[in-house]
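Spelled out from the first residue to the last, the chains are:
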Amino acid sequence: MGSSVATHFTSCLDEYEHLISILTLSESPLCSQISLPSVQDELGRFKVWAGNIAAHKTGRSSLDFRLRDATPLRERIVGLLRDMMELLQEACQITTGVRRPRDDIMAASEPDSDSSDEDSMEDRIDSTTELQQIFSDVVIIIDCLYKLSMSIRNGISAHDRLVKASTIDTSYYEAWDIQHVKTKYPATKEFLANRLGQSISRRRQFFKYCAKHHKKLAHDMAALSTFDTEPSVNATTVLTQTTASEFVGNPLEFDAESDGGQTSTSHATSASFGVRLSIPPLPRNSLDGRPFECPYCYTIISVRNSKSWKKHIFRDLQPYTCTFDTCTKARKMFDTRHDWFDHELMDHRKEWFCTADCQMVFKVQGQFEEHMKTVHSISSATQLCALSDMCHRPLDEETEEQCSLCEETLGSMTQLCRHLARHLEELALFALPHSADSGESGDADSDIPQPSE
């Protein structure tokens, strides 16, 4: 047997499907010790893992190629697959009668006596059989493979994939998305409506890239498998050719906490078309904290509860965009409220103060410079520029500011940040694809104009 990940995966897959055939056809009472639907579901999870990380492929798109310079990690995966193969072989031997399970041998070796009390009988009934323990160990190995997949993919940020997604044409969405912003917030200035609408289209671009890349990695999976087994993940596997990114081993840290330690809003109401947008519920296959494949970005993740699921969704969406005209970071989409509003405070939401006796304060740099010219007779462009750089500060926390989307006046910077962030989160959710696991029906973009084939 070769030492590649793909070779070991294929061997495990064949043996796993052999076990399912035995459980399906055999009338042996041993086969009733493990649930056939549970075994099939774990096979589905195993195939999702392989398709997600290209463990079944060879060449430049394979997991072997990605881990070419990460030998310890690759050997860890191969070791798990070897262990899994041995377990599956033992399960097949037991269910076909090639060998007796150890629990049967131990039971037969016990002396037949009338002194067997109720406690010993209950212990025997409640004890785990060898076959059940084997299946439990297989489940543990699959969970370990998912966790290793998370480590491998951690070095690739949403921003990196957003850059790669730029080759996908989503221009046909822009007019629709811009109109959505204008319909929802009629008071929004033209530049901001265009920017926010284009950001929604770029998020669609990101999710389309994720789906396309997932199909590339999962290409040829169906040809390897005898059974069309789907886990509760509703996995998608199909199509084409790609090159695996090299594993670099730098875990990605992400702070998705909102200002003041609060989490991002969990739902949004869309004025346009009367549709209520919301963060989809925690996927069914995430129960018990087991790693699973996100049905939106197709990465392997592990979430503890609804709060961490929301963080993941907003990490994918990158919902925050600068709301000021002529910003040098106009196209940047921020992961967190903190980073986004810190940018606005430091670069835009600031005031200029005169250090002379008048102590006047200005919200516009041009007015400050005009004041210095006319009142303090400073006409040098170099001096004015230097003064502007020196004499500005973020707006005071208690400053009242108007929301640039709905024109509501907020009493403090904290209130404005939270209020405006919810608008931006609400708009970002408009780009989230529908997922079969979320309970929503229909195509992700069923109401949006599609490109001609």
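On a predicted model such as this, the values are computed, not experimentally measured, just so you know.

In this section: the sheet that holds strand 9 (residues 392–394). Here three strands make up an open sheet; going across it, the order is 8-7-9 and the pairing antiparallel. Only two strands of the sheet have a single partner each, and these edge strands are strand 8 (361–362) and strand 9. The pairing of strand 7 (residues 350–353) with strand 8 spans two bridges and is antiparallel. In the strand pairing of strand 8, phenylalanine 353 is matched with valine 361.

Attention now goes to the side chain of threonine 321. Note on placement: threonine 321 falls in strand 5 (residues 320–321). In this structure threonine 321 comes out as buried when scored by relative accessible area, which is 0%.

Bridging between strand 7 and strand 9 involves three bridges; their strand directions are antiparallel. Following the sheet pairing, tryptophan 352 is matched in strand 9 by histidine 392.

Let us look at the packing of helix 14 (residues 365–374) against helix 15 (residues 381–390). Interhelical geometry of helix 14 versus helix 15 gives an angle of 125 degrees and a closest axis separation of 10 Å. Here helix 15 runs oblique to helix 14, going by the angle between their axes. Every pair of crossing elements has a handedness; the one defined by helix 14 and helix 15 is right-handed. Contacts between helix 14 and helix 15 involve Gln365, Phe368, Glu369, Met372 and Lys373 from the former and Leu384, Leu387 and Ser388 from the latter. Here the residues of the contact of helix 14 with helix 15 are counted per class, giving four nonpolar, two polar and two charged.

What counts and what doesn't
Residues numbered from 1 in each chain as written. Predicted model: local features only at pLDDT ≥ 70, side-chain atom pairs only at ≥ 80, totals over all residues. Heavy atoms only, no water. Pairing = 2+ DSSP bridges. Helix = DSSP H or I, 4+ residues; strand = E, 2+ residues; numbered from the N terminus. Buried < 20%, exposed > 50% of the residue type's maximum accessible area, 1.4 Å probe, protein only. Axes fitted to C-alpha atoms, helices over the stretch in contact; angles between N-to-C directions. Parallel < 35°, antiparallel > 145°, perpendicular 65-115°, else oblique. Left-handed = near helix turned anticlockwise from the far one by under 90°. Contact = heavy atoms within 4.5 Å. Nonpolar A, V, L, I, M, F, W, Y, C, P; charged D, E, K, R; others polar.

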